[in-house]
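Architecture at a glance
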Amino acid sequence: MHEISLVANLFEILEQKAKEKKAKKITMVKLQVGTLSGVVPEFLISAFEIYKKETIASEACLKIKKIPFKIKCLKCQQEMIKDDFVLICENCGSRQLKVLAGTELILEKIEMEV
Amino acid sequence: MKKKEVLVLEDLLGSNKKIASEIREKLKAQGILTINFLSSPGAGKTTLLEKMAEILKPDYKMGVIEGDIETERDAERIRAKGIPAWQILTGGACHLEAKMIGKIFPQIPGDLDFLFIENVGNLVCPASYDLGENIRCVLLSIPEGDDKPKKYPKAFTTAQNLIITKADLTPILPFNLDYVQKEALDLNPQLKIFITSALNGQGLKELTEFFISSLHQLRKHHA
């Protein structure tokens, strides 16, 4: 339930970017959210809808791109997507794996009117 | 009116990570080992800290930052052991953030050996926030059940230590110690596991020895 707090961080970045680019309004915000980011995308959207009122992004829509948890085996080099976050190679059983993606919580891009 | 697309690629937790790194560097420069305790409410974080205080107090200086939604109760319990404690009241927020630690920072004496941070009782949200700690410990008590690691993966994947608490209850509760360790190691093969009981003292010596050797490591690297 820390999504509100994250949305507050998001708006700090949005306001700074809007100022930098002299935007009149922000019309779209796109986030990358990993499946092991610890947040619920639906809650982020609800928090965004509440928070955006009377801001430069009051008419903006929030788009979320979900990033699957992807790991790579350091032994057999196999890459795999894991829904259960278990760090065991499906191919060779090794426990030496590197996390490639899935922990992101990133503001990817903004669409604005200037 | 012209439409424009701006690529940003900025981490939403970037500002927290930045503050946390600054805190970690400052504490490291002072030779203070910082340990973040994370668990669901009632897992025994404060009781374990009371025991740590008893064991460490004769030879080491420790301090505790207490994170709670309301009340100063936990800080009072720690102070009763003769240990300085600073209470952060989040007023509803479910986790501590690095900037909250930053506010307390000027009050922390530079001659501490250990700084423990007791996070708000919650096995979900605190896992996303780096507080500038050197070691993150997730606590799991026997009454919570042995199926928790995979239900709350983020806490277990981001921790370095798993401290199983209330181990004195294993004879009366259906909790499989082998199973829980396997489940936790599936998520995090590097996880160091301690099985403890604040009631009968099981595992406390091993845990304190680990913290002391980590303190020496930190100071050796910094020297």
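Owing to the predicted nature of the structure, the values given are computational and were not obtained by experimental measurement.

**Quick word on the overall build of chain B**
The helix and strand tally for chain B stands at eight helices and eight strands. Scaling as 2.2 N^0.38, a compact globule of 223 residues should have a C-alpha radius of gyration of about 17 Å, and chain B matches this with 18 Å. Across its three principal directions, the C-alpha atoms of chain B cover 70 × 40 × 40 Å. Buried residues in chain B amount to 43% of all 223 residues.

**Here's the deal with the confidence of the model for chain B**
Overall, the predicted model of chain B reaches an average pLDDT of 96, with 99% of residues at or above 70. For this predicted complex, the interface confidence reaches an ipTM of 0.92, while the overall pTM sits at 0.94.

**Quick word on the sheet that holds strand β6 (residues 105-113) of chain A**
Pairing is mixed across the open sheet formed by four strands, whose spatial order is β2(A)-β1(A)-β6(A)-β1(B). What marks the edges here is a single partner per strand, and that holds for β2 (61-67) of chain A together with β1 (3-11) of chain B. Within this sheet the neighbouring strands show an average axis-to-axis angle of 20°, counted without direction. For strand β1 (residues 25-34) of chain A and β6(A), the ladder comprises eight bridges, and the chain directions are antiparallel. Within the sheet, the bridge partner assigned to A:Val29 lies in β6(A) and is A:Ile110. Taken strand by strand, helix α2 (residues 41-51) of chain A contacts β1 and β2 of chain A, and its axis lies near 165° from that of β2(A).

**Looking at the sheet that holds strand β5 (residues 114-118) of chain B**
Residue and element names in this part refer to chain B. With respect to topology, seven strands assemble into an open sheet ordered β4-β3-β5-β2-β6-β7-β8, the strand pairing being parallel. Both edges of this open sheet fall to β4 (85-89) and β8 (192-195), since each of them pairs with a single strand only. Sheet twist, expressed as the average angle between the axes of neighbouring strands with direction ignored, equals 20°. Looking at chain direction, strand β2 (residues 33-38) and strand β6 (residues 135-141) are connected through four bridges and run parallel. Each bridged residue has a counterpart across the sheet, and for isoleucine 35 the counterpart in β6 is isoleucine 135.

Parameters and conventions
- Residues numbered from 1 in each chain as written.
- Chains lettered and ligands numbered in written order.
- Predicted model: local features only at pLDDT ≥ 70, side-chain atom pairs only at ≥ 80, totals over all residues.
- Helix = DSSP H or I, 4+ residues; strand = E, 2+ residues; numbered from the N terminus.
- Rg over C-alpha atoms; globule rule 2.2 N^0.38 Å.
- Buried ≥ 20, exposed ≤ 12 C-beta atoms within 10 Å, placed from the backbone.
- pLDDT = per-residue confidence, 0-100.
- Pairing = 2+ DSSP bridges.
- Axes fitted to C-alpha atoms, helices over the stretch in contact; angles between N-to-C directions.
- Contact = placed C-beta atoms within 7 Å.

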